[in-house]
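Breakdown of the fold
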Amino acid sequence: DQVLRVVPETLQQAQHLQHLCSTLLLDLWKPLLPADIRAGEDLQMRVPAPLVQELKASLDQHFIAYKVLIPDVQELVEQSMPGGRSSYRQVPQGYVYTQYHPMKEIYEWMGQIQRSNSELVTLQELGMTVENRTMSYLQISQPSNKPKKIIWMDCGIHAREWISPAFCQWFVKEILQNYKSDPKIRRLLENWDLYILPVLNIDGYIYSWEKDRFWRKNRSPHQHGTCYGTDLNRNFNSSWGSVGVSYNCSSDIFCGSGPESEPETRAVAHFIERKKSDILCYLTIHSYGQYILTPYGSTTTPPSNSEELIHVAEKAAAALMGKYGTRYKVGSTSLLLYSNSGSSRDWAHRIGIPFTYTFELRDTGTHGFALPPDQIQPTCEETM
Amino acid sequence: DLDDVGHKYSLELVLEDILDRDTTVNCTAEVLYHLGNKNLAPAVQFTLEGDLKNTDEADNTFYNQIRSLEKELVAENIPDSHGNMPPALEPIHLLGWVASGYVIWQNSTENTHFHPAQIKHVKQVKRSDEYLEFDYMILLHEMVSQ
């Protein structure tokens, strides 16, 4: 059986498709009813194997364009069945990393990841969001008798940057699927503990799924509930409120009522503060722009370890480009992007974490925040 | 830095055909951001090394497709939340992006960085002549103010 995507361009073609669906008893996936088939709107249908040839011939004769989305339905079904290929044992069955997932599914995924990798993974609570949702991170830690330093990575501090949480999930999957077979990952886990926060701004992320795709901030109410949201990446206690912010709630870069005014900020900051002497590297993942950004945003004065920071970042950018040719620019936020204060990355460096980077993932504006799902895999692979 | 006038930038850039990324045209340009009057769009002069591809065929196909519709075209959220759009709406999308380019130019300063984010809504306006008219509501993302 095959699944085809068909786009009838004219009324006649739409009518012909309606006819085909009804007479051949095709399994229409989208739209729901043949009567809803419209010119200019794409249609998806499953075609039983014995009818595939005849159907394609009919489409060709009417100059109707189609694309095969699934060349073999049975194969795909078998792949996502439990007890299938052993490489899927460590990763939740059928979780599609090349699609964007709503928060509910991400919570479930986190639970499953922990359960199916309990020798390495623990789920730890960090705090609560404004709307009382639990913030948790995944701790990936290989048992060892030597104490290990920590690499921290958070995703989704800005709600609309969907590729960011997608990358955190991909990252976890890659590590857990390959730590036994890949020497680089094995060495990584021998030497460091990984702390991954897949979605920092949970309320905002949910809001971007349900109400406003381009929401950025969290969902804290201000001015008696007439205005919502603080930009969490302007809310940290690093030159807070000085530059590149707005004091007006209606702005997308509103820095909040004070440094660490937001529960999400406090949850992350208090935790990192406590563990700071063990944290080697703080990474925070954003989109878009294709940058690896070093401190600071609040000043052009370089940090004390600037040379080393840039050197490492340039090696990362080169490795990234080696995969698919994607160009990332490397430099400080204040020189490359814009001035901002109160960012989590600046704060992390100021309290003493040596290697702190903000990644701005694909792309450079063509799709911007609405990066199509077919770019999830290449983006994640190259960033890996 | 031109005293009392503004800031002039000399640029060398490469234009990439959106529909065929391997086709490029070299371009040199001068952009002048006016001092003082921020309501004036930057002045732009440019020269192309070579010709832009002819789009008559694609334009005609699009024109005829729209003319053949029974009802005026209406669409929203292009692309959708996931970044997808029906292939048939690609020309509508491109048209919207081109129109955005004009609005962005008119509203650009040295401290702005605009990209079109999404066509929230587009509807075709009924006309009695042979022109096609579309009414777009487009979201633009400004990088600095976010």
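Calculation rules
- Residues numbered from 1 in each chain as written.
- Chains lettered and ligands numbered in written order.
- Predicted model: local features only at pLDDT ≥ 70, side-chain atom pairs only at ≥ 80, totals over all residues.
- Heavy atoms only, no water.
- Helix = DSSP H or I, 4+ residues; strand = E, 2+ residues; numbered from the N terminus.
- Contact = heavy atoms within 4.5 Å.
- Areas by Shrake-Rupley, 256 points an atom, 1.4 Å probe, with all protein chains shown as cover.
- Lys, Arg positive; Asp, Glu negative; His and termini not counted.
- Charge placed at Lys NZ, Arg CZ, Asp CG, Glu CD.
- Disulfide = S-S within 2.5 Å.
- Phe/Tyr/Trp six-rings, centres within 6.5 Å; stacked < 30°, edge-to-face > 60°.
- Lys NZ or Arg CZ within 6 Å of the ring centre and 35° of its normal.
- Buried area = accessible area lost by both parts, 1.4 Å probe.
- Salt bridge = Lys/Arg side-chain N within 4 Å of Asp/Glu carboxyl O.
- Polar contact = N/O pair within 3.5 Å; in protein donor to acceptor, adjacent residues only side chain to side chain.
- UniProt positions renumbered as here; feature names shortened; annotations may be inferred.

1. A closer look at the overall build of chain A
- Counting its secondary structure elements, chain A contains 12 helices and 14 strands.
- Across its three principal directions, the C-alpha atoms of chain A cover 70 × 50 × 40 Å.
- Taking the contacts inside chain A whose residues are at least 6 apart along the sequence as the reference set, 71% of them involve residues at least 24 apart.
- Accessible surface, chain A as shown: approximately 17,000 Å² in total, 50% of it carbon and sulfur.
- Computing the positive centroid from 37 side-chain charges and the negative centroid from 41, chain A places the two 5 Å apart.

2. Describing the state of the cysteines
All names here are of chain A.
- Considering all chains together, one arrives at 2 disulfides over all chains under this definition.
- Put simply, C155 and C168 are joined by a disulfide, and their sulfur atoms are 2.0 Å apart. Because the sign of the S-S torsion sets the handedness, a value of about 80 degrees for the bond joining C155 and C168 places this disulfide among the right-handed ones. Of this pair, C155 sits in strand β7 (residues 149-155) while C168 sits in helix α5 (residues 163-178), and the two are 13 residues apart along the sequence.

3. A few points about the packing of aromatic side chains
All names here are of chain A.
- Under the defined criterion, the tally for this structure stands at 21 aromatic pairs over all chains.
- Within the aromatic cluster, the residues linked to one another by ring pairs are Y100, W162, Y205 and W209.
- It is R219 that lies over the ring of W215; its NZ or CZ is 4.7 Å from the centre.
- Lying across the ring of Y296, R350 places its NZ or CZ 4.3 Å from the centre.

4. Points about the interface of chain B and chain A
- Contacts between chain B and chain A engage 23 residues on the former and 25 residues on the latter.
- If you sort the residues of chain B by the area they bury against chain A, S81, H82 and Q146 of chain B come out on top, with a joint share of 28%.
- Counting across the interface, chain B meets chain A through 0 salt bridges.
- For the interface between chain B and chain A, the tally reads 8 residue pairs in polar contact (both at pLDDT 80 or more).
- When residues in the side of chain B that touches chain A are grouped by element, the largest group, 4 residues, is from strand β5 (residues 114-125) of chain B.

5. Brief notes about the UniProt feature "domain: Cystatin LXN-type" (unreviewed entry) in chain B
All names here are of chain B.
- As annotated in UniProt, the feature "domain: Cystatin LXN-type" (unreviewed entry) corresponds to residues 1-54 and 74-146 in the numbering used here.
- Span residues 1-54 is 0% helix and 63% strand, its end C-alpha atoms 38 Å apart.
- The span residues 74-146 carries 23% helix and 37% strand; its end-to-end C-alpha distance comes to 29 Å.

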